[in-house]
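Overview (structure and organization)
So the chains spell out like this:
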Amino acid sequence: MSTNISKKTREDLLNKIKEIRAFISAAPQDENTGNLLSYLSDLEKDVNGKKYGLVFEEHREEIDEVLDTHTPVLTEEKDLFIDKGGQMNFLIEGDNLASLKLLEKTHKGKIDLIYIDPPYNTGNKDFVYDDKLVEKEDEFKHSKYLSFLKKRLVLMYKLLSPQGFICISIDDNEQPDVRFLCDEVFGVDNFISCMSRRTKSSGKTTNHISANHDYVIIYAKNIANVGIVGIPHIDQEFKFEDEYIETRGKYKLNQTLDYDSLSYSSGLDYPIELNGRTFYPGSDYSKYLERKNGKHQRADWAWRWSKELFEFGYNNGFIVVKEKSDGTARIYTKTYLNATIKHNSNGKYEVVISERRKPLSTLDFLDAEYSNDNAKKDLKQIFKSFAFDYPKPLSLLKKLMKICYSNSAIVLDCFAGSGTTGHAVMKLNAEDGGNRRFILCTNNENNICRDITYERIKRVIDKENYAASLKYYKVDYVPISEQMYYEYADELLKHIRELVELENGINFIGNAEIGIVLTEEELAEFINNVDDFARCKKLYMGHDLLPTREQEEVLAERGIEISIIPDYYYKDLQER
């Protein structure tokens, strides 16, 4: 029988605290007694704290200090707007903790897929904390990293939709800790997979064994509802065509109708007459007679399909008779790429047209196409030279998006780096006709957001002629320390438009079909502007506006849809 030593130690400490409390309570009371009892309560709380999980020293960042005294807002860089039709996408420049807090206002419970490629914290100048590189010798490097990541993961969890899931690229250096951290934030029951990914095929090593892989960790918001589907099934055996090619796709012949490996069933042992010829399971009439007379093995020859299913399959093109050179023949069933036979709600057979899919395998990312070498090839097609380490390939991001249940998903990457996620969204949309949208967040260290992330999106839109638009926002800060709300409310009001655009994927500038009014003066001006008013179909209105009866009647007569802007857009983050 095992002994829980830690539990016994805690119980001993709690008993000692209990004795101290009793002693203090029995002693003469003074002004310090209450403080001492309060201290003991704090000690009890600590002793009774979490007993299993990831334990680390929590650290504050410079951005925490900023957010204590300021609230973040968005300001658009209008000269960087890209208007090529299609879905509206967003690139946010600034600390991603502030960006995530703003997204909590606009996208709480709305993100279908989050992909992040955070710093790997190797100590090789890949992780900046408070504007300083974290070195290998820093005794708090893991605690700083986990503090940094946990705050962001907590916000990402809030952003995920009920069907949403998150994919995290990480290597051996922090993989165990990140798993523990995700167990805490997302819940251990919502773990889906930790998939190995080939990073390179060969290379130097300093650890005796060459390290040629990292990982993609996947967690669901809720495992019971997660929107993960199979990937399109691609098999070279699907090489034959028939008259159903347009709807069913190609087919393969990999199974005969008869078999002898499952438990024998007399109901599946019957003659089939086709083209003046009679077929029996196993192609032996005498053996058929023996089986029908009860002389058969536990596993013996029979058809895979019932007579009813065979007749339906034959009448609907699922049967092929293959002649052999010796004059014999076998019956084969067609397996179509995009069609299957199923029972309908009436119990009848029907042909169901649907894309054939298979589950993503934990071995799928071991192919060379998912390596960093492939990612560098992707970038070389866009930039003649680039100073960006360890980019991720388009193939990786595209496959992760393919397992997302919706081809209209909202995809978030708040460690956007070189912009692979945005590029992959546009490329996949062009390939399968999807309407996915992306939101990218990154700081502008070494001008990466402007010169790499934005420039990549801009160039691929132009080069590939993608139907996609992009708004570029910067995170700014409004001071709120020691101020009443009314003292900075007008400043927040100046940045409401960006939040409305971000949440709804729209652009107010130059779009006469939508409008926004935040004050009574703007509402009156809008109604009096005949040209704009006449073309408007939807009006976003400040939550505290009270239109007059005449204004309400005019808006109703025009059939303008009114959308009230949520009141929490106006508040600083500390009030939420």
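Refer to the structure above for everything that follows.
My aim in this report is to walk through the structure given alongside it, one point at a time. (Residues numbered from 1 in each chain as written. Predicted model: local features only at pLDDT ≥ 70, side-chain atom pairs only at ≥ 80, totals over all residues. Heavy atoms only, no water.)

As for helix 15 (residues 496-504)
The buried count for helix 15 comes to 8 of 9 residues, which makes it a mostly enclosed element. Inspection of helix 15 places I496, R497, E498, L499, V500, E501, L502 and E503 among the buried residues, and these make up the whole buried set. Trailing helix 15 by a residue or two, G505 shows a phi angle of about 65 degrees, which is positive. (Buried < 20%, exposed > 50% of the residue type's maximum accessible area, 1.4 Å probe, protein only. Helix = DSSP H or I, 4+ residues; strand = E, 2+ residues; numbered from the N terminus.)

A few points about the pattern of salt bridges
Under the defined criterion, the tally for this structure stands at 33 salt bridges. Where K250 meets E241, a salt bridge forms, and the shortest distance between an N and an O atom there is 4.0 Å. Take K250: its relative accessible area is 33%, and that puts it in the partly exposed class. Taking relative accessible area as the criterion, E241 reaches 51% and is therefore assigned exposed. Taking the shortest distance from any N to any O, the salt bridge between K334 and D242 comes out at 2.8 Å. In this pair, K334 is assigned in strand 16 (residues 329-336) and D242 in the loop between strand 9 (231-232) and helix 7 (245-248), connecting sequence segments 92 residues apart. Residues participating in the shared-partner salt-bridge network are E61, D64, D95, K151 and R152. (Salt bridge = Lys/Arg side-chain N within 4 Å of Asp/Glu carboxyl O.)

A look at the packing of helix 4 (residues 96-107) against helix 15
Two elements in contact, helix 4 and helix 15, have axes whose closest approach is 9 Å; the angle formed by their N-to-C orientations is 65 degrees. Between helix 4 and helix 15, the crossing angle belongs to the class labelled roughly perpendicular. In the crossing of helix 4 with helix 15, the sense of the turn from one axis to the other is right-handed. Of the residues in helix 15, those touching helix 4 at L102, L103, K105, T106 and H107 are L499, L502 and E503. Across the contact of helix 4 with helix 15, the residue classes break down as 4 nonpolar, 2 polar and 2 charged. (Axes fitted to C-alpha atoms, helices over the stretch in contact; angles between N-to-C directions. Parallel < 35°, antiparallel > 145°, perpendicular 65-115°, else oblique. Left-handed = near helix turned anticlockwise from the far one by under 90°. Contact = heavy atoms within 4.5 Å. Nonpolar A, V, L, I, M, F, W, Y, C, P; charged D, E, K, R; others polar.)

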